Amino acid sequence: DTEVTQTPKHLVMGMTNKKSLKCEQHMGHRAMYWYKQKAKKPPELMFVYSYEKLSINESVPSRFSPECPNSSLLNLHLHALQPEDSALYLCASSLLGGAGELFFGEGSRLTVL
Amino acid sequence: SQQGEEDPQALSIQEGENATMNCSYKTSINNLQWYRQNSGRGLVHLILIRSNEREKHSGRLRVTLDTSKKSSSLLITASRAADTASYFCATPARNYGGSQGNLIFGKGTKLSVKP
């Protein structure tokens, strides 16, 4: 299994809603990532989990809250988002982290109304 | 904080032609990677070249790395309509203390291959 699975594929939410994005991999990778990608821009790193511990938070607003329940799962909890948070949210994993090859999911397209 | 920068930003060619994309970066690296992204989809890893390598091939892909110029190029030979996508180079960020950190993506080149 060489896949990273993200759900949902599409999400529309209001600014007062609470929702979550989910990511799963069964490749035994020990590093998992959340990236945010706006239209016509490169992916921007948000969070990195290494061995299930948050190792990097790229100054992301607290309305985004990551969680890594176990080595295969990664969640991104969303609360009180703004319309400018609308973007494609990409989950990725790598075997050991650092500058290794990343395996990406197909992304969750988020629209905040 | 952006590390790599691709050029051109957009490239349009006919099927069968070769496509060349360039990437420049700022700090010393231990590897450079190229990724492909179809419109609105996830990124797919294409190739990784280490700092002690000058050229690497994978199928129709050829990647070069010139560490003295801090630049890399991706050549796609005999392009196909299915190669239409955005292509990103990615380089490790420089952590405090000088260690190689997580990947940072360049702005990307949007390639359009016309049948």
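Predicted model only: the values in this text are computed from it and were never measured.

Asker: How would you sum up the overall build of chain A? Please name residues and give values.
Answerer: Each helix and strand in chain A was counted, giving 0 helices and 11 strands. Going from the N terminus to the C terminus, chain A shows its helices and strands as β-β-β-β-β-β-β-β-β-β-β. Compactness check: chain A gives a C-alpha radius of gyration of 13 Å against a globular reference of 13 Å for 113 residues, within 12% of the reference. The principal-axis extent of the C-alpha atoms belonging to chain A is close to 35 × 25 × 25 Å. Classification of the 113 residues of chain A by burial places 45% in the buried group.

Asker: Explain the sheet that holds strand β8 (residues 71-76) of chain B residue by residue, including any values.
Answerer: Residues and elements named next belong to chain B. Strand order across the open sheet formed by 5 strands is β1-β3-β8-β7-β6, with antiparallel pairing between neighbours. Bordering the open sheet on either side are β1 (5-7) and β6 (55-58), each of which pairs with just one other strand. Each strand axis lies, on average, 20 degrees off the axis of its neighbour in the sheet, ignoring direction. The pairing of strand β3 (residues 19-24) with β8 spans 6 bridges and is antiparallel. What sits directly across from Cys23, in β8, is Ser72.

Asker: Give me the lowdown on a nonpolar patch on the surface, citing residues and values where you can.
Answerer: Residue and element names in this part refer to chain A. The grouping of Tyr51, Leu95 and Leu96 at the surface amounts to a nonpolar patch, some 330 Å² of accessible area in total. Mapped onto the fold, Tyr51 is located in the loop between β5 (44-50) and β6 (53-57). Taking relative accessible area as the criterion, Tyr51 reaches 45% and is therefore assigned partly exposed.

Asker: Lay out the packing of aromatic side chains in plain terms, naming residues and giving numbers.
Answerer: With the rule as written, the count across this model stands at 8 aromatic pairs over all chains. Where Tyr35 of chain B meets Phe105 of chain B, the ring centres are 5.4 Å apart and the plane angle is 65 degrees; that geometry is what we call edge-to-face. Of this pair, Tyr35 of chain B sits in strand β4 (residues 31-37) while Phe105 of chain B sits in strand β10 (residues 100-105), and the two are 70 residues apart along the sequence. Taken individually, Tyr35 of chain B and Phe105 of chain B each receive the classification buried, so the pair is uniform in this respect. Aromatic pair Phe88 of chain B and Phe105 of chain B: ring centres 6.5 Å apart, planes at 90 degrees, arrangement edge-to-face. Taken together, the residues span a long stretch of sequence, with Phe88 of chain B in strand β9 (residues 85-94) and Phe105 of chain B in strand β10 at a distance of 17 residues. Three or more aromatic residues joined by ring pairs form one cluster here, namely Tyr33, Tyr35 and Phe104 of chain A together with Tyr35, Phe88 and Phe105 of chain B.

Reading guide: rules and limits
Residues numbered from 1 in each chain as written. Chains lettered and ligands numbered in written order. Predicted model: local features only at pLDDT ≥ 70, side-chain atom pairs only at ≥ 80, totals over all residues. Heavy atoms only, no water. Helix = DSSP H or I, 4+ residues; strand = E, 2+ residues; numbered from the N terminus. Rg over C-alpha atoms; globule rule 2.2 N^0.38 Å. Buried < 20%, exposed > 50% of the residue type's maximum accessible area, 1.4 Å probe, protein only. Pairing = 2+ DSSP bridges. Axes fitted to C-alpha atoms, helices over the stretch in contact; angles between N-to-C directions. Patch = residues over 30% accessible without salt bridge, like charges linked within 9 Å, V, L, I, M, F, W, Y side chains within 5 Å. Areas by Shrake-Rupley, 256 points an atom, 1.4 Å probe, with all protein chains shown as cover. Salt bridge = Lys/Arg side-chain N within 4 Å of Asp/Glu carboxyl O. Phe/Tyr/Trp six-rings, centres within 6.5 Å; stacked < 30°, edge-to-face > 60°.

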